[in-house]
2 protein chains.
Amino acid sequence: MPVGTVKYYLREGLLPAGTPTSATQAQYGEEHVERLALIRVLVGTGGLTVAAARAALQMIDAPAPSIHEVIGTAHQAIGPEVTAEPEALDRARSLVEAQGWQVACDSPALAQLAAALDACDAVGIPGMERLVGRYAAVAEQLAAFDVAAVPTTSPADAVRFVVAGTVLLEPLLLALRRLAQQDASFRRFEGPDVTPG
Amino acid sequence: MPVGTVKYYLREGLLPAGTPTSATQAQYGEEHVERLALIRVLVGTGGLTVAAARAALQMIDAPAPSIHEVIGTAHQAIGPEVTAEPEALDRARSLVEAQGWQVACDSPALAQLAAALDACDAVGIPGMERLVGRYAAVAEQLAAFDVAAVPTTSPADAVRFVVAGTVLLEPLLLALRRLAQQDASFRRFEGPDVTPG
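Residues numbered from 1 in each chain as written. Chains lettered and ligands numbered in written order. Predicted model: local features only at pLDDT ≥ 70, side-chain atom pairs only at ≥ 80, totals over all residues. Heavy atoms only, no water.

## Some points on the interface of chain A and chain B
Stated formally: For this analysis, residues touch if any pair of their heavy atoms sits within 4.5 Å. For this analysis, a salt bridge means a side-chain nitrogen from Lys or Arg found within 4 Å of a carboxyl oxygen belonging to Asp or Glu. Definition of a polar contact: a pair of N or O atoms within 3.5 Å, with one able to donate and the other able to accept a hydrogen when the atoms are protein atoms, and with sequence-neighbouring residues admitted only if both atoms are side-chain atoms. Every helix listed is a DSSP run of H or I at least four residues long, and every strand listed is a run of E at least two residues long, numbered separately from the N terminus. For this classification, the nonpolar set comprises Ala, Val, Leu, Ile, Met, Phe, Trp, Tyr, Cys and Pro, the charged set comprises Asp, Glu, Lys and Arg, and every other residue, Gly included, is treated as polar.
Taken together, the contact between chain A and chain B spans 80 residues of the former and 79 residues of the latter. Taking the shortest distance from any N to any O, the salt bridge between R177 of chain A and E170 of chain B comes out at 3.8 Å. The tally of links between chain A and chain B comes to 33 residue pairs in polar contact (both at pLDDT 80 or more). Put simply, the parts of the chain that give the side of chain A that touches chain B at least two residues each are α2 (30-43), α4 (67-78), α5 (86-98), α6 (108-123), α7 (128-149) and α8 (155-190) of chain A. Considering each element in turn, the side of chain A that touches chain B owes the most residues, 28 residues, to α8 of chain A. Of the residues assigned to the side of chain A that touches chain B, the class counts are 53 nonpolar, 16 polar and eleven charged.

Next up, the structure:
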């Protein structure tokens with residue numbers, strides 16, 4: 001990693017200062033190396049802005065005692081920031097209610113859902129209602145895995161998992177979905193015809 | 001939509017020219033309005049760059065006869081462009097093979113998977129192997145819905161669905177996952193204690 005990048009992260013408050021060894025030099029320890037790896041991942045693969053990464057790191061540095069609160073705050077900090085019309089938000093809330101999900105009524109994920117539903121309508125995706133129901137059922141399965149995997153060893157471990165899990169498991173999920181789509185389309189459209197009987 | 005934006009899309013080749021009615025004016029029809037809605041959604045909610053949106057629109061305008069090919073091309077065109085180390089790519093390929101998935105060995109989704117796995121390792125997500133297996137199983141379910149929903153009425157309908165489905169169902173899925181996580185964490189960490197017996 002270039003020195004300029006490290007200085008930039010120091011200036012932006014993502015990385016704590018090292019121990020000064022002279023007027024112009026400082027020593028950095030193991031925890032700095034770990035922190036740099038984390039920043040790199042949040043800003044790189046995670047695609048976070050520096051501001052969002054700072055917010056995520058602050059949650060890790062001062063873990064809130066309530067994991068449930070941490071999940072909400074992580075979703076808020078990590079973005080993306082999406083704006084949605086009031087009617088679109090109402091529609092997203094109805095969908096969440098129909099699923100029986102307990103969600104804070106100002107959760108930014110509601111605006112993300114509203115914008116995504118509006119966008120699908122704008123281009124007209126056939127069979128949308130059915131797809132949404134199936135996607136919601138799958139989202140429930142994923143959430144059950146995620147939440148069961150949150151370590152309860154310490155609030156710090158839990159927060160670290162939630163932040164990293166939110167930022168990094170999203171690209172993982174999307175990559176796996178695309179690969180599975182390629183396989184499914186190969187089987188449906190290119191595979192050998194298997195006529196039963 | 002501001003006139004400047006429309007002119008920009010015309011210049012960038014996303015929107016076909018209208019019918020000239022004088023030296024400085026042109027008439028735009030219903031299909032232009034539809035196309036503008038599609039561009040808006042791809043660049044807005046879909047988060048595509050103008051170059052990626054152009055590639056996506058070109059696929060819609062000249063639909064390839066093989067849907068399977070279209071899915072691969074859509075994943076390539078839409079991005080994000082991710083680079084991964086050869087060892088990381090090998091690991092992603094092994095994982096795909098272990099799932100029994102038929103995937104082009106140069107699929108960009110392999111690099112996305114490789115980068116996501118590397119990033120998870122770099123920050124250390126406990127129980128990662130188990131989570132990846134569960135995520136892959138869920139990705140298979142999603143892909144089965146997606147591919148079954150591809151309309152076979154015409155190649156143009158199919159391509160439109162694949163492009164819009166790839167770009168728009170991803171933010172939908174992520175929003176639903178976050179909302180379901182909030183619900184699951186509420187039940188695990190905040191809900192009333194239910195002690196069986």
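Once you've had a look at it, read on.
## Side note on the relation of the copies chain A and chain B
Defined as follows: To line up the copies, we fit them by least squares on C-alpha atoms, keeping just the residues with pLDDT of at least 70 in both.
Superposing chain A onto chain B requires a rotation of 180 degrees together with a translation of 0.0 Å along the rotation axis, leaving an RMSD of 0.0 Å. Here the copies are linked by what is in effect a two-fold axis. Among all residues of chain A, the minimum C-alpha distance to the rotation axis is found for V138 of chain A, at 3.3 Å. Of all interface residues in chain A, 99% are interface residues in chain B too; the two copies therefore contact each other through one and the same surface.

## A look at the layout of surface pockets
In plain terms, the rule: Using protein atoms alone on a 1 Å grid, points that fit a 1.4 Å probe yet trap it form a cavity, whereas open point sets bounded by protein on both sides within 12 Å along at least five of seven lines form a pocket; residues with an atom within 4 Å of a point count as lining. Grid points are joined across faces, edges and corners, and a volume is the space filled by probe spheres set on the points.
The volume enclosed by the largest pocket comes to roughly 1,300 Å³. As for the largest pocket, its lining consists of 45 residues, of which G46, P80, E170 and L174 of chain A together with L174 of chain B are closest to the centre. Those elements giving two or more residues to the lining of the largest pocket turn out to be α3 (50-61), α4, α6 and α8 of chain A together with α6 (108-123) and α8 (155-190) of chain B. Among the residues making up the lining of the largest pocket, the classes are represented as 22 nonpolar, 17 polar and six charged. Size it by volume and the second largest pocket reaches roughly 350 Å³. For the lining of the second largest pocket, the secondary-structure elements that each account for two or more residues are α2 of chain A together with α6 of chain B. Looking at the lining of the second largest pocket residue by residue, the class counts come to nine nonpolar, three polar and three charged.

## Notes on the nonpolar core
This is how the line gets drawn: In this text, buried Ala, Val, Leu, Ile, Met, Phe, Trp, Tyr and Cys residues form a nonpolar core when linked through side-chain atoms within 4.5 Å. When accessible area is computed with a 1.4 Å probe and restricted to protein chains, residues below 20% of their type maximum are described as buried, those above 50% as exposed, and intermediate ones as partly exposed.
Judged by nonpolar contacts, the single largest core of 137 residues is most densely connected at L172 of chain A together with L172 of chain B. In this structure, L172 of chain A is in contact with L113, A116, L117, M128, V132 and Y135 of chain B, ignoring residues within four places of it in sequence.

## Some thoughts on the packing of aromatic side chains
Test applied: Stacked, tilted and edge-to-face are the three classes applied to pairs of Phe, Tyr and Trp rings, where Trp contributes its six-membered ring and a pair requires centres within 6.5 Å; stacked means planes under 30 degrees apart, edge-to-face means over 60, and tilted covers the rest.
By the definition in use, this model includes two aromatic pairs over all chains. Taken together, a centroid distance of 5.9 Å and an interplanar angle of 45 degrees make the contact between Y8 of chain A and Y9 of chain A tilted.

## Observations concerning the packing of α3 of chain A against α8 of chain A
Residue and element names in this part refer to chain A. Quick note on the threshold: Helix axes use the C-alpha atoms of the stretch in contact, all axes being lines fitted to C-alpha atoms, and the angles between their N-to-C directions lie in the range 0 to 180 degrees. Roughly parallel covers angles under 35 degrees, roughly antiparallel covers those over 145, roughly perpendicular covers 65 to 115, and oblique covers all other angles.
Two elements in contact, α3 and α8, have axes separated by 8 Å at closest approach and are oriented at 160 degrees. Comparing their axes, α8 and α3 come out roughly antiparallel. Contacts between α3 and α8 involve A56, M59 and I60 from the former and V159, R160 and V163 from the latter. Residues belonging to the contact of α3 with α8 are distributed by class as follows: five nonpolar, no polar and one charged.

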